[in-house]
Amino acid sequence: MTLPTDPEIDPWNRLRRFTPARIGLARAGAAVTTAELLAFQLAHAQARDAVHAPFDAAKVTADLAARRYGVVSLASAASDRDAYLMSPHLGRKLEDASRWRLAELACDFACDLVLVVADGLSAVAVQRHAVPLIDALAARLGKEIKIGTVAVVERGRVAIGDEIGAALNARLALVLIGERPGLSSPDSLGAYLTWAPKTGRTDAERNCISNIRPQGLGYEDAAAKLAYLIAEALRRELTGVMLKDETGPAVLAP
Amino acid sequence: MIAATIAGQRYGFDDLRVVMAKATPLRSGDILAGVAAASAVERVAAQMALADLPLKHFLSETVIPYERDDVTRLIIDRHDAAAFAPVSHLTVGGLRDWLLSDASGPDQLKAVGPGLTPEMAAAVAKICRVQDLVAIAAKISVVSRFRNTLGLPGRLSARLQPNHPTDDPKGILASILDGLLLGSGDAVIGINPAGDSPDRCRDLLVLLDDLRLRLDIPTQSCVLTHVTTALGLMNAGAPVDLVFQSIAGTEDANAAFGVTIAMLAEAQDAAAGLKRGTLGTNAMYFETGQGSALSSDAHHGCDQQTLEARAYGVARLFAPLLVNSVVGFIGPEYLFDGKQIIRAGLEDHFCGKLLGLPMGCDICYTNHAEADQDDMDTLLVLLGTAGVNFIMGVPGADDVMLNYQSTSFHDLLAARELLGRRPAPEFEAWLAGMGLLARPRALPAPIAKMMESLR
């Protein structure tokens with residue numbers, strides 16, 4: 001988009017490979033050039049559309065069932081996308097029918113880990129990355145750690161994992177959820193791990209890994225971090241600000 | 001009971017908390033909390049009732065009980081009665097008139113700050129128009145110092161925000177160099193790490209410190225990680241300039257951030273003990289934003305603007321270098337659109353300055369809000385006119401790690417040109433020495449060399 005002959009910009013063309021950030025944007029006065037301005041407007045339009053894209057929960061459910069996970073399809077109390085966006089508390093709790101469905105699955109014996117896959121603010125992210133991440137994670141978890149039920153939730157927020165985890169008597173809940181779409185990343189997946197999930201847990205009681213996608217934190221790196229956090233959370237019986245990710249720097253993207 | 005009568009009809013409000021909430025200009029977060037006025041007329045009735053309320057009332061009635069909340073306790077226990085004396089006879093409406101009048105110059109406004117409670121500042125903001133929020137704030141300068149001088153009249157600074165999705169050092173460095181060439185970075189060079197492992201944070205701190213020393217930049221750095229992580233890093237000898245923490249206006253909301261007032265005091269002491277500031281000892285960097293208490297269900301039936309002002313009551317205990325309202329980050333359920341974000345940004349800046357804080361603003365929005373870059377331009381010009389201490393400088397206004405839009409290096413340049421504002425003086429001298437003040441993106445040899453070394 002930029003003119004290769006712009007002497008201000010030439011040195012930057014080589015550096016763009018180190019970051020997806022919009023570095024070295026050509027100027028018109030203090031402002032950016034027309035080409036850069038319109039590239040930004042297009043990216044914003046794409047992100048806006050991604051926020052409102054529908055979630056194909058049936059596809060994700062089928063993919064997980066094919067891997068022999070016990071899958072349950074749930075929905076939050078937010079009845080549609082607008083209610084979901086404007087009333088976060090509805091996205092944090094289950095609708096009644098889902099609650100009943102979950103009660104039927106409840107077991108008396110605690111399981112180690114319940115997975116919750118929710119669309120959040122980017123259904124695109126969940127559809128692309130949730131299943132590959134679960135594959136990578138399953139390969140890294142020790143044999144002694146058992147993944148229990150996987151819940152696929154429409155219009156869910158992070159805290160809905162608390163109610164689901166409590167209902168299934170899980171020691172840990174791992175919520176995989178679509179993050180708010182960015183201009184350069186409409187498909188970032190977030191992962192939130194909560195020890196002893198129950199309604200009312202705060203964000204300080206969770207560990208979060210964000211920006212999971214091939215151009216960000218790749219599946220293998222994310223799975224390695226999660227496997228570490230899961231093992232440590234089970235060993236120390238806690239998550240949150242007291243549990244630091246000590247795995248060191250991830251393998252950095254090229 | 002607090003009340004107002006309009007055309008023979010009496011509007012009663014149960015208590016201070018209720019009248020404050022109902023007097024707040026419309027925003028989605030207060031509707032979500034169920035505390036907003038039920039009609040446009042009830043809102044104005046609440047504003048009228050609030051305007052007639054004596055400021056002294058705020059010292060006898062709290063919005064959250066004293067016994068229940070440590071933020072309330074610090075507000076009441078640390079109130080400066082002597083500073084309050086010159087305005088103690090006024091109502092909220094009378095305070096607005098006084099703030100706008102020629103009787104309140106910069107010296108009077110600076111002196112009265114410690115005498116105002118956050119709730120008083122919030123109340124007067126509710127009955128101010130945008131014009132008032134700008135005009136009053138423009139009379140107040142709050143100066144803070146670490147390695148340079150921020151907040152002087154006629155200056156506009158920026159946090160250089162070089163975030164990267166995987167914290168790649170080369171990517172971060174490329175963004176920093178781009179920002180420096182365009183004049184950003186005098187407030188702080190501050191990274192939000194994608195992963196907040198202590199090792200990762202230490203590596204980033206070392207990267208920032210090496211860069212600062214190699215280029216001899218009169219500024220400070222920060223890796224925005226939890227205060228407990230920063231404490232551990234300081235104890236381990238990492239080069240921590242500023243200690244960052246998100247804070248809110250209730251004890252429960254701070255607990256949701258995993259932070260207590262005692263923890264902040266410990267971090268402030270630890271940072272001061274490192275003696276890394278050359279010009280001053282302001283070493284704390286706080287971020288806030290309307291709606292944070294509600295999002296952790298810790299709002300106690302209060303409106304979000306009042307609670308935001310109470311977060312400033314927490315901040316002013318710790319003599320911060322930077323206080324940043326990340327106004328539009330939280331999303332449309334709290335601030336629905338550009339109009340609500342713009343007003344909230346101006347309210348936050350106004351309340352913070354009135355309470356004596358070095359206020360900056362992350363002029364920003366998310367992709368699920370009804371806002372765009374036009375709204376950011378509007379708020380940038382308004383806040384620049386109001387004398388905001390600092391804004392964000394993000395490459396192309398697109399934060400590729402946090403996934404939201406802010407202001408760009410180019411926006412900072414444009415605002416400085418348009419409004420006649422200059423960088424912090426020490427940083428300005430450094431830019432001049434590098435040839436960057438006369439010509440942004442001139443390639444001074446040390447920076448050209450660093451760019452060349454990125455392979």
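In this text, all values refer to a predicted model and were calculated from it rather than measured experimentally.

*Asks:* Even after reading the chapter, I still don't get helix 2 (residues 34-51) of chain A, so can you show me in this structure?
*Replies:* Since the α-helix turns once every 3.6 residues, residues separated by three or four places project in the same direction. For helix 2 of chain A, which comprises 18 residues, the first-to-last C-alpha distance of 26 Å matches the rise-based estimate of 26 Å (1.5 Å per residue) to within 8%. Within helix 2 of chain A the residues assigned to the buried category are Glu-36, Phe-40, Ala-43, His-44, Ala-47, Arg-48, Ala-50 and Val-51 of chain A. Viewed along the axis of helix 2 of chain A, the buried residues span an arc of 160 degrees, placing them on a single side of the element. Exposed and facing more than 90 degrees away from the buried side of helix 2 of chain A are Thr-34, Leu-38, Leu-42 and Asp-49 of chain A. Here the buried face of helix 2 of chain A lies against strand 2 (31-32) and helix 4 (81-86) of chain A together with helix 19 (373-386) and strand 14 (404-405) of chain B.

*Asks:* Please clarify how the packing of helix 9 (residues 118-126) of chain B against helix 18 (residues 338-354) of chain B should be interpreted in this entry.
*Replies:* The relative placement of two packed helices is expressed as an angle between their axes plus a distance between the axes. Residue and element names in this part refer to chain B. It is the contact of helix 9 with helix 18, at a shortest axis distance of 9 Å, that shows an interaxial angle of 140 degrees. With respect to their mutual orientation, helix 9 and helix 18 come out oblique. In this structure, helix 9 meets helix 18 at a crossing whose hand is right-handed. From helix 9, Ala-121, Ala-122, Val-124, Ala-125 and Lys-126 reach across to helix 18, where they touch Arg-343, Phe-350, Cys-351 and Leu-354. Its residues assigned to classes, the contact of helix 9 with helix 18 shows seven nonpolar, no polar and two charged.

*Asks:* Would you take a moment to explain the pattern of salt bridges for this structure?
*Replies:* Once the charged atoms of two side chains with opposite charge are near each other, the side chains can pair. All names here are of chain A. Taken as a whole and assessed by the stated rule, the structure comprises 42 salt bridges over all chains. In this structure, the salt-bridge partner of Arg-81 is Asp-119, at a minimum N-O distance of 3.7 Å. Linking Arg-81 in helix 4 with Asp-119 in the loop between strand 4 (111-118) and helix 7 (123-140), this pair joins segments that are 38 residues apart in sequence. Side by side, Arg-81 and Asp-119 carry an identical accessibility label, which is buried. Notably, a salt bridge pairs Asp-96 with Arg-99, separated by 3.6 Å at the nearest N-O pair.

*Asks:* Teacher, can you tell me more about unusual backbone geometry here?
*Replies:* Outside of glycine, negative phi angles account for most residues, and trans bonds account for most peptide bonds. One non-glycine residue with positive phi stands out, namely Arg-155 of chain A, at about 55 degrees. Positive phi outside glycine occurs at Ala-397 of chain B, with the angle close to 70 degrees. Of note, Ala-397 of chain B is situated in the loop between strand 12 (390-393) and strand 13 (398-399).

*Asks:* Is there a simple way to think about the packing of helix 10 (residues 130-137) of chain B against helix 18 of chain B in this case?
*Replies:* Residue and element names in this part refer to chain B. Where helix 10 contacts helix 18, the two axes come as close as 9 Å, and the packing angle between them is 30 degrees. The angle between helix 10 and helix 18 falls in the class roughly parallel. Relative to helix 18, the crossing made by helix 10 is left-handed. For the pair helix 10 and helix 18, the contacting residues are Val-130, Leu-133, Val-134, Ile-136 and Ala-137 in the first and Arg-343, Leu-346, Glu-347, His-349 and Phe-350 in the second. In terms of residue class, the contact of helix 10 with helix 18 is built from seven nonpolar, one polar and two charged.

*Asks:* Is there a simple way to think about the packing of aromatic side chains in this case?
*Replies:* Each aromatic ring pair is characterised by the separation of its centres together with the angle its planes make. Applying the stated rule across the entire model yields four aromatic pairs over all chains. With 5.5 Å between their ring centres and 35 degrees between their planes, Phe-427 of chain B and Trp-430 of chain B make a pair best called tilted. With Phe-427 of chain B and Trp-430 of chain B both in helix 21 (residues 425-433), this residue pair falls three residues apart, about one helical turn. Overall, the relative accessible area of 0% leaves Phe-427 of chain B in the buried class. Residue Trp-430 of chain B is classed as buried on the basis of its relative accessible area, which comes to 9%. In this arrangement the basic side chain of Arg-157 of chain A is found over the ring face of Tyr-84 of chain A, its NZ or CZ atom lying 4.5 Å from the centre. Over the ring of Phe-329 of chain B we find Arg-180 of chain A; its NZ or CZ atom is 4.5 Å from the centre of that ring.

*Asks:* Any chance you could explain the domain arrangement of chain A here in plain terms?
*Replies:* All names here are of chain A. Looking at the assigned domains, one finds that chain A contains domain 1 (13-51) and domain 2 (55-251). The C-alpha centroid of domain 2 is placed 32 Å from the C-alpha centroid of domain 1. Each side of the interface is counted separately: domain 1 has eight residues, and domain 2 has eight residues. Both faces considered, domain 1 and domain 2 share a buried interface measuring about 680 Å² in area, 65% of it formed by carbon and sulfur atoms. Ranking the residues of domain 1 by area buried against domain 2 places Ala-47, Ala-50 and Val-51 at the top, with a combined share of 60%. Across the side of domain 1 that touches domain 2, the residue classes break down as six nonpolar, one polar and one charged.

Cut-offs and rules
- Positions within a chain are numbered from 1, following the residues in the order the chain's sequence is written.
- All chains are assigned letters beginning with A, and all ligands numbers beginning with 1, in the order in which they are written.
- Given that the model is predicted, a residue must reach a pLDDT of at least 70 before its local features are reported, and side-chain atom pairs must reach 80 or more before they are shown or counted; all residues, however, enter totals for whole chains, interfaces and linings.
- Note that water and hydrogens are dropped before the side-chain values are worked out from all heavy atoms of the structure.
- Only runs of H or I of at least four residues qualify as helices and only runs of E of at least two qualify as strands under DSSP, and these elements are numbered from the N terminus.
- The span expected for a helix works out to 1.5 Å for each residue beyond the first.
- Each residue gets one of three labels from its accessible area relative to the maximum for its type: buried under 20%, exposed over 50%, partly exposed in between, using a 1.4 Å probe on protein chains only.
- Picture the helix axis, draw a direction to every C-beta atom, and the arc is the one those directions span.
- We call two residues in contact when some of their heavy atoms are within 4.5 Å.
- Axes, fitted as lines to C-alpha atoms, cover a helix only where it is in contact. Angles between the N-to-C directions of the axes lie from 0 to 180 degrees.
- With respect to orientation, any angle under 35 degrees is reported as roughly parallel, any angle over 145 as roughly antiparallel, any angle of 65 to 115 as roughly perpendicular, and every other angle as oblique.
- By convention, the crossing between two helices is left-handed when the near helix turns anticlockwise from the far helix through less than a right angle, and right-handed when the turn is clockwise.
- The residue classification treats Ala, Val, Leu, Ile, Met, Phe, Trp, Tyr, Cys and Pro as nonpolar and Asp, Glu, Lys and Arg as charged. All others, Gly included, are polar.
- A pair is scored as a salt bridge if a Lys or Arg side-chain nitrogen falls within 4 Å of a carboxyl oxygen belonging to Asp or Glu.
- In this analysis, rings of Phe, Tyr and Trp, with Trp reduced to its six-membered ring, are considered paired at centre separations within 6.5 Å, and the interplanar angle assigns stacked below 30 degrees, edge-to-face beyond 60, and tilted for intermediate values.
- Charge over a ring is defined by NZ of Lys or CZ of Arg lying within 6 Å of the ring centre and within 35 degrees of the ring normal.
- Each domain's extent was defined by an automatic or database domain assignment.
- The buried area of a pairing is the accessible area, by a 1.4 Å probe, that goes missing from both parts when the two are put together, added over both.

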